[in-house]
Number of protein chains: 4
Amino acid sequence: MIAEQTLTDQYLRVRAHSEVICRGLETEDYVVQPIADVSPPKWHLGHTTWFWETFLLAPNVPDYCIFHEDFSFVFNSYYETVGRRVLRTDRGNLSRPTVAGVYEYRAYVDEQMSRFLDTAPISADLLALIQLGLNHEQQHQELLITDIKYILGHNPLFPAVDMPVVEHQAESSNSPVEISEGIYTIGYQGDPAGFCFDNELAPHKVYLNNTVLSGNLVTNGEYIDFIKAGGYQNFRFWLSDGWAWVKANGIQAPLYWYSIEGVWHNYTFDGLTPVDPDGLVCHVSQYEADAYARWKNQRLPTEFEWEAAADQLNWGSRWEWTNSAYLPYPGFSTAEGAVGEYNGKFMSGQIVLRGGSVATPDGHSRPTYRNFFQPDKRWQYTGIRLVKG
Amino acid sequence: MIAEQTLTDQYLRVRAHSEVICRGLETEDYVVQPIADVSPPKWHLGHTTWFWETFLLAPNVPDYCIFHEDFSFVFNSYYETVGRRVLRTDRGNLSRPTVAGVYEYRAYVDEQMSRFLDTAPISADLLALIQLGLNHEQQHQELLITDIKYILGHNPLFPAVDMPVVEHQAESSNSPVEISEGIYTIGYQGDPAGFCFDNELAPHKVYLNNTVLSGNLVTNGEYIDFIKAGGYQNFRFWLSDGWAWVKANGIQAPLYWYSIEGVWHNYTFDGLTPVDPDGLVCHVSQYEADAYARWKNQRLPTEFEWEAAADQLNWGSRWEWTNSAYLPYPGFSTAEGAVGEYNGKFMSGQIVLRGGSVATPDGHSRPTYRNFFQPDKRWQYTGIRLVKG
Amino acid sequence: MIAEQTLTDQYLRVRAHSEVICRGLETEDYVVQPIADVSPPKWHLGHTTWFWETFLLAPNVPDYCIFHEDFSFVFNSYYETVGRRVLRTDRGNLSRPTVAGVYEYRAYVDEQMSRFLDTAPISADLLALIQLGLNHEQQHQELLITDIKYILGHNPLFPAVDMPVVEHQAESSNSPVEISEGIYTIGYQGDPAGFCFDNELAPHKVYLNNTVLSGNLVTNGEYIDFIKAGGYQNFRFWLSDGWAWVKANGIQAPLYWYSIEGVWHNYTFDGLTPVDPDGLVCHVSQYEADAYARWKNQRLPTEFEWEAAADQLNWGSRWEWTNSAYLPYPGFSTAEGAVGEYNGKFMSGQIVLRGGSVATPDGHSRPTYRNFFQPDKRWQYTGIRLVKG
Amino acid sequence: MIAEQTLTDQYLRVRAHSEVICRGLETEDYVVQPIADVSPPKWHLGHTTWFWETFLLAPNVPDYCIFHEDFSFVFNSYYETVGRRVLRTDRGNLSRPTVAGVYEYRAYVDEQMSRFLDTAPISADLLALIQLGLNHEQQHQELLITDIKYILGHNPLFPAVDMPVVEHQAESSNSPVEISEGIYTIGYQGDPAGFCFDNELAPHKVYLNNTVLSGNLVTNGEYIDFIKAGGYQNFRFWLSDGWAWVKANGIQAPLYWYSIEGVWHNYTFDGLTPVDPDGLVCHVSQYEADAYARWKNQRLPTEFEWEAAADQLNWGSRWEWTNSAYLPYPGFSTAEGAVGEYNGKFMSGQIVLRGGSVATPDGHSRPTYRNFFQPDKRWQYTGIRLVKG
């Protein structure tokens, strides 16, 4: 019975980490939603709990007693198959349930889940669903970190908080990576018992050309050169949509950068500090990444080039913007039901990011993982890798 | 020294009442701002404190030590003469300072104010400023109540809370009040040592015609008749702006009214309960009040008719919409400096309400008081009185 | 039968003047709608014709044949009782019916109207309706002029056109006008057989205080002094709504003013020319008028003060902003049916202007006439008169 | 001298066709701009003329005299390198220059161009620029047709006009087309002296899987089945962005479809007529195309699958939505200067369409041509081809 015991431990370890991320927060920090992209931390804590209750406990535990009938309404997200959704922009108006109430909800569901994992026979389907749930919660752990950063980084007091993230990453010096023209296989081909998201399937062949990827990500110092060279004032470097975005929003620097008496500062979980020129640039949009690359007469990699080179790259500090639209692989198919809705729905208008970041949970990075956001989003730990040719 | 002692007591009593209003709140309830009109309760608590610190303590207490230099930025409001403002719509994104921090701020300022009031000589000018501060805090007490109601009344859990307000008011049966054609004097003429706002001055003569004001405010039951008669579907009853508002916002009933299986319910601080047909209708816009009056072939009173009849009316449960635009009286003048900015700035686009409501602080109602809001606002305790002729 | 003949002449003279206003237009100028407030000239020509067809001909001429069944849809305006409206903002998208088609429509209706007026017995009710129609068309003549000016004044070619308007008005020097405290009668009291709009009724008494109205309107030169003194940069002079308007729209001068190499130019029907400092300032919003007055430590008149002084004032060049909200007079009542909808509907959110302008049709000005627009509107020929006390 | 003579003929033939498209228009039809995507026809006629004047005549004809100095301001488009642009949304407010003036401009430039082409030595670079200009004008010819359709198809009179387009296309019955797994070369490989746009370069290899493309495009009748099956009401068929678009815009059918007493009608240049079930569905967004495909348990082709199969497909009636984002090919590079700005700027947020339509100019279709629009656009002649596997 070691396997089931391990599963319970794994479950509890993942669940506990969500709460570790929040250990430095004040109650008030859990509640607010400054922009639609950023969810209140208490919503993340409740939503991930609702996932376990709705998809694992309710269908599988006889006579399972729902913790609170209104929580499905409050903590549901995009899954249109499961009841009515709270509009994302409304989440920041909900003072109730309280943070304490959400923690009670977590404790209740964790106890029920522990008992269930300890005692119920776990079929292969159930195991897959549990793995999905763990990965879902881990995705929200990264969002918890980035959303908390947004909330605190837009507060005029710029509070420092204890957060299990090492944000500052100095660039080591790595050699460029060449890939040679030919056929490469893309997509998850790992242990069939391992986990991947549906969007990493099916493995398939692509034809790539000779390319050289930079061994290093762009640093803050290099990016400051772009700013000083008038990068944000010259439309020639920008995509049409990107230039419209720069002008409409008055963009002049990466997110969280503030110029104080001529010196660039940035907000991190340590508070507001001068930008380290040796650190890796972070919190840039794909528009900015693309403009920087054009200014350098280079370009961003495709997600296929990146994956083909991944084993030789030093990655994991910043999500790396590619120039690939987020689209289905050949043979992609969507699972039935609400759980299957997720990834396929978003295959329009989004850009793939590859790699992982300092905020990505351990064991949650792999070379085939496809992260995706609209090209104007900056609140994730995003960075820039250049390609020649 | 009795006078100064009394002033300290009066100060502390007003200040304490702001905290009494919040006694039933959870920490989370203090933080959110669901719409721009509604400020987070902790902002009200901080802003009123900032008023005392900025206008009383800082200019008058030698070597006064500001509690926190960033609080002026956070808790300032419309006074453009005092530093840069936080945009009102941003208030709901500020998790810091914490609620506990705001209460510390209040305690610090209250202690400083007590010492100041106990020991400093209070000139007539200072006394006037202190009275203004007390009235300012009382105005925010009413807003605290209405803003808390909005926050909780738009939460899907519809929580009940302990609140020092008796919301339900059954209508007593009062006779209509006639006023006769002739000259009436309007505006504050009370004790010169008493308090009034600048917008109640100067007293002046107006000529009124024969009019009959209803002795009673419109009840929920009467208003339900308007709804049943298709009042919200027929443009003929509505002002052009009102009809545009109805259509753009899909208005079908007063604020906080929800139809549950065909029965009108409304949110009060007791939670969600069926509407009492004998209660006074509440939370209607001036557009709705005007449309109801037209449906009845009557009209709303002017603020002058109301004031002329005030002594014979039974008022104080609902702010009564008039059909008077909020404009300066003859001889109106604005005080110098930031404090003087307030009332005159808003004499455009707003409608006068007269009377007072169940949320109005004691001793803060008088026949000459001019409340004012845009005609689409509904979150105050607003009601309807009709006029014939 | 002289009366009916005269009526036909009067009808044809008014109708012809609408076309005189358009004599300098190119076909293209009739079609566009740069902002929602400004209607395409061909719409004005069609709408006024639709009025005669719908309210006079169709109900009164046996077997009257409608010119085109779709024109009611295209040329109807705010009258919700008569079919479905074309949204005002859509008018500028309608290339058909053509301008030639609209002129054919006018010719058809004019012929039918002439025959009707020449032959039918005209009851008192019909006569009142015809007078309303003539005044309605005259109101649209003023709008035709101001809308054409907006269309051409926002075209980068700034074309000059032949227009029967003398825009430039130098200020004569007139003495201030005093009115003494007391009771005044306001509202139309003229010949009962004469014409007035419903909003000028009923005559009623008001009580006014001692006031002095300037004998002169503000000149361009005086207004330039306000601009030079930083009037548009200092919030202290502005109503809260006005300041928000200045900032949101980047307002820096009256409408049609353009600074060319440091010299203020303005567009008139003569093209783009330097501003004449002796001319009367024109195309200002009420917010600007109010700010100018505050800068001068004066104020705008109420509509009652203006009317009481009208006989002694030199007026008619500019619509004069008052500080009176557009509200019903005591005893105001609305006529039945679609025609009666008009004036009462707009008694919310608008400001009264008094007097008349260089664009106002002859015989269409009287001391009791109440024009009204929202306080941010500037495309009418609006000016500023100041009041002391 | 045959080559140059031919070039002049070719130039004049292309230019004349732009005017043939407009032969059925009234002057008014040239002026309006109902939505930002749709330009006024006179703008297209002026803009294409401005292209020749700015890029060919002005740099190459000694002492060339510009027709009108303000036209560059009025008729420039997205080329930020050439002066200040008129905002696209403002084009519909410009009544001047008149349509007649634009035709004079065309005649002037055509005469200058004829003389230039007849007499000047034409270098290879110049020839390439002339070919670009011809293709540019032809692209605008297709837009002229679709923009005119939008203008007339949103007019309540639904006017029929003479237009050189056969809109109705019945589906012939074609066999499905299989493509086999393997490497294919994509991109323009034709005569180096022939013309292609920069976005068709460079030719490169891609790896494709076994796929079967439908031999036929979806018909109106098939699409009506989708509507009847509740396709627009069921979120399961839709991309997340697509569903948001459906709800925000109340989409219920293809553009130009109107339900009249339960029967689907559509606007064509023949006026408003019942939808032909055998015709090819037209004017659908990529969201609709994708939803239709999901409802059929199929999918849209990639642009590479389409190009690989093109020789076996019957295409040219409808632009066929692919599921490929519009992105640069390997080796893509942008030409220097304003002319080079065009295609690369838009490689973000757009979807590739392949094939051509009934509105595409003769000789302007080729298997490598990449058309592109945002996925919500519907006013082009867009259709649906399905893919299995």
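- Per an unreviewed UniProt entry, the recorded name for chain A is Ergothioneine biosynthesis protein EgtB, and the organism is Spirosoma soli.
- As stated in UniProt under Pathway (unreviewed entry), the record for chain A gives "Amino-acid biosynthesis; ergothioneine biosynthesis."

**Describing the overall build of chain A**
Move 1: For chain A, the count of helices and strands is 11 helices and 12 strands.
Move 2: On C-alpha atoms alone, chain A measures out to a radius of gyration of 22 Å, which is about the 21 Å that the 2.2 N^0.38 rule sets for 389 residues.
Move 3: In terms of principal-axis extent, the alpha carbons of chain A reach across some 65 × 50 × 35 Å.
Move 4: Classification of the 389 residues of chain A by burial places 58% in the buried group.
Move 5: Taking the intrachain contacts of chain A between residues at least 6 apart in sequence as the baseline, contacts between residues at least 24 apart amount to 78%.
Move 6: As presented, chain A carries roughly 15200 Å² of accessible surface, and 50% of it is formed by carbon and sulfur atoms.
Move 7: The distance from the centre of the 28 positive side-chain charges to the centre of the 47 negative ones in chain A is 7 Å.

**Some points on the domain arrangement of chain A**
Residues and elements named next belong to chain A.
Move 1: In terms of domains, chain A is made up of domain 1 (4-153) and domain 2 (177-388).
Move 2: Relative placement of domain 1 and domain 2: their C-alpha centres are 27 Å apart.
Move 3: Listed by partner, the interface residues are 26 residues for domain 1 and 26 residues for domain 2.
Move 4: Both faces considered, domain 1 and domain 2 share a buried interface measuring about 2500 Å² in area, 62% of it formed by carbon and sulfur atoms.
Move 5: Per-residue buried area on domain 1 facing domain 2 is highest for Gln139, Glu142 and Lys149; these three make up 27% of the total on that side.

**A look at the arrangement of the chains**
Move 1: What separates chain A from chain C at the closest point of their C-alpha atoms is a distance of 14 Å, and the two make no contact.
Move 2: You won't find any contact between chain B and chain D; their C-alpha atoms come no closer than 14 Å.

**A short note on the sheet that holds strand S4 (residues 211-213) of chain B**
All names here are of chain B.
Move 1: If you trace the three strands from one edge of the open sheet to the other, you get S1-S4-S12, paired in antiparallel fashion. With one partner strand each, in any of the chains shown, strand S1 (177-179) and strand S12 (387-388) form the two edges of the open sheet.
Move 2: Sheet analysis places S4 next to S12, joined by two bridges and oriented antiparallel. Looking across to S12, one finds that Val212 is bridged to Lys388.

**Some thoughts on the interface of chain C and chain B**
Move 1: Taken together, the contact pairs 33 residues of chain C with 33 residues of chain B.
Move 2: Each partner contributes to the roughly 2500 Å² buried at the junction of chain C and chain B, and carbon and sulfur atoms together form 52% of this total.
Move 3: It is C:Tyr207, C:Phe235 and C:Lys345 in chain C that bury the most area against chain B; as a group they hold 24% of the surface buried on that side.
Move 4: At the surface where chain C touches chain B, the tally comes to zero salt bridges.
Move 5: At the junction of chain C and chain B, the tally comes to six residue pairs in polar contact (both at pLDDT 80 or more).
Move 6: Mapped onto the side of chain C that touches chain B, the elements with two or more residues apiece are strand S3 (204-208), helix H7 (240-249), helix H8 (286-295), strand S8 (319-325) and helix H11 (342-345) of chain C.
Move 7: When residues of the side of chain C that touches chain B are assigned to their parent elements, the largest contribution, four residues, is made by H7(C).

**Considerations on the UniProt feature "domain: Sulfatase-modifying factor enzyme-like" (unreviewed entry) in chain A**
Move 1: Listed under "domain: Sulfatase-modifying factor enzyme-like" (unreviewed entry) in the UniProt record, and renumbered for this structure, are residues 177-310 of chain A.
Move 2: In the segment residues 177-310 of chain A, helix accounts for 27% and strand for 22%; the C-alpha atoms at its two ends are 9 Å apart.

**So, unusual backbone geometry**
Move 1: Note that the residue after A:Leu201, namely A:Ala202, is joined by a cis bond; omega there is -5°.
Move 2: Structurally, A:Ala202 can be placed in the loop between strand S2 (182-186) and strand S3 (204-208).
Move 3: Of the consecutive residues D:Arg96 and D:Pro97, the connecting peptide bond is found in the cis state with omega at -5°.
Move 4: Even without glycine at this site, A:Asn297 takes up a positive phi of about 55°.

**Re the interface of chain A and chain B**
Move 1: With 30 residues of chain A at the interface, the matching set in chain B holds 30 residues.
Move 2: Across the interface of chain A and chain B, roughly 2300 Å² is buried in total on both sides, 62% from carbon and sulfur atoms.
Move 3: Applying the counting rule to chain A against chain B returns two salt bridges.
Move 4: Between B:Arg96 and A:Asp29 there is a salt bridge, and its shortest N-O distance comes to 2.6 Å.
Move 5: At the surface where chain A touches chain B, the tally comes to eight residue pairs in polar contact (both at pLDDT 80 or more).
Move 6: Only helix H3 (71-75), helix H4 (99-119) and helix H5 (124-153) of chain A provide two or more residues apiece to the side of chain A that touches chain B.
Move 7: The residue makeup of the side of chain A that touches chain B, split by class, is 15 nonpolar, 10 polar and five charged.

**Details of the packing of aromatic side chains**
Aromatic ring pairs: the centre-centre distance and the angle between the two ring planes describe each pair.
Move 1: Enumeration according to the criterion identifies 152 aromatic pairs over all chains in this entry.
Move 2: Consider the rings of A:Phe304 and A:Tyr329, whose centres lie 6.4 Å apart with planes at 45°: the pair is tilted. Here A:Tyr329 lies in the loop between strand S8 (319-325) and helix H10 (337-340) and A:Phe304 lies in helix H9 (residues 303-309), a separation of 25 residues in the sequence.
Move 3: Its relative accessible area of 22% is what places A:Phe304 among the partly exposed residues.
Move 4: Under the relative-accessibility criterion, A:Tyr329 is labelled buried at 4%.
Move 5: Relative to D:Tyr105, the ring of D:Phe75 has its centre 6.1 Å away and its plane inclined at 20°; by these criteria the two rings are stacked. Placement of D:Phe75 in helix H3 (residues 71-75) and of D:Tyr105 in helix H4 (residues 99-119) is noted, with a sequence separation of 30 residues between them.

**Examining the relation of the copies chain C and chain B**
Move 1: Rotating chain C by 180° and moving it 0.0 Å along the rotation axis overlays it on chain B with an RMSD of 0.0 Å. Such a combination of rotation and displacement between the chain copies is what one expects of a two-fold axis.
Move 2: By residue overlap, the copies meet face to face through one surface: 100% of the interface positions of chain C are interface positions in chain B.

**Topic: the relation of the copies chain A and chain B**
Move 1: The two copies are related by a screw operation: chain A maps onto chain B through 180° of rotation and 0.0 Å of translation along the axis, at an RMSD of 0.0 Å.
Move 2: Same-surface contact between copies: 100% of interface residues of chain A are shared with the interface of chain B.

**Things to note about the pattern of salt bridges**
Residues and elements named next belong to chain A.
Move 1: If you walk through the whole model with that rule in mind, you get 72 salt bridges over all chains.
Move 2: Between Glu19 and Arg106 there is a salt bridge; the shortest N-O distance is 2.7 Å. A residue pair is termed long-range when its members are at least 10 positions apart, and Glu19 in helix H1 (residues 2-21) and Arg106 in helix H4 qualify at 87 residues.
Move 3: For Glu19, a relative accessible area of 27% gives the class partly exposed.
Move 4: When its relative accessible area of 0% is taken as the criterion, Arg106 is described as buried.
Move 5: Through salt bridges with shared partners, one network takes in Arg15, Glu19, Arg106, Asp110 and Glu137.

**Some words on the environment of B:Ile21**
Residues and elements named next belong to chain B.
Move 1: Checked against the element boundaries, Ile21 lands in helix H1 (residues 2-21).
Move 2: Take Ile21: its relative accessible area is 0%, and that puts it in the buried class.
Move 3: Sequence separation between Ile21 and Pro164 is 143 residues, and the spatial gap between their C-alpha atoms is 6.4 Å.

**Points about helix H7 (residues 240-249) of chain B**
Residues and elements named next belong to chain B.
Move 1: Of all the positions in H7, only Gly242, Trp243, Trp245 and Val246 are classed as buried. What you see down the axis of H7 is that its buried residues fit within an arc of 160°, all on one side.
Move 2: Buried-residue contacts for H7 involve helix H8 (286-295).
Move 3: Looking one or two places after H7, you find Gly250, whose phi comes out positive at around 60°.

**Considering the pairing of strand S7 (residues 271-274) of chain D**
Residues and elements named next belong to chain D.
Move 1: Bridge analysis of strand S6 (residues 263-268) against S7 gives four bridges, and the strand direction is antiparallel. Across the sheet, Asn266 pairs through a bridge with Thr273, a residue of S7.
Move 2: What sits between S6 and S7 in their antiparallel hairpin is a turn of two residues.

About the criteria used
Residues numbered from 1 in each chain as written. Chains lettered and ligands numbered in written order. Predicted model: local features only at pLDDT ≥ 70, side-chain atom pairs only at ≥ 80, totals over all residues. Heavy atoms only, no water. UniProt positions renumbered as here; feature names shortened; annotations may be inferred. Helix = DSSP H or I, 4+ residues; strand = E, 2+ residues; numbered from the N terminus. Rg over C-alpha atoms; globule rule 2.2 N^0.38 Å. Buried < 20%, exposed > 50% of the residue type's maximum accessible area, 1.4 Å probe, protein only. Contact = heavy atoms within 4.5 Å. Areas by Shrake-Rupley, 256 points an atom, 1.4 Å probe, with all protein chains shown as cover. Lys, Arg positive; Asp, Glu negative; His and termini not counted. Charge placed at Lys NZ, Arg CZ, Asp CG, Glu CD. Domains from an automatic or database assignment. Buried area = accessible area lost by both parts, 1.4 Å probe. Pairing = 2+ DSSP bridges. Salt bridge = Lys/Arg side-chain N within 4 Å of Asp/Glu carboxyl O. Polar contact = N/O pair within 3.5 Å; in protein donor to acceptor, adjacent residues only side chain to side chain. Nonpolar A, V, L, I, M, F, W, Y, C, P; charged D, E, K, R; others polar. Phe/Tyr/Trp six-rings, centres within 6.5 Å; stacked < 30°, edge-to-face > 60°. Least-squares fit on C-alpha atoms with pLDDT ≥ 70 in both. Arc of directions from axis to C-beta.

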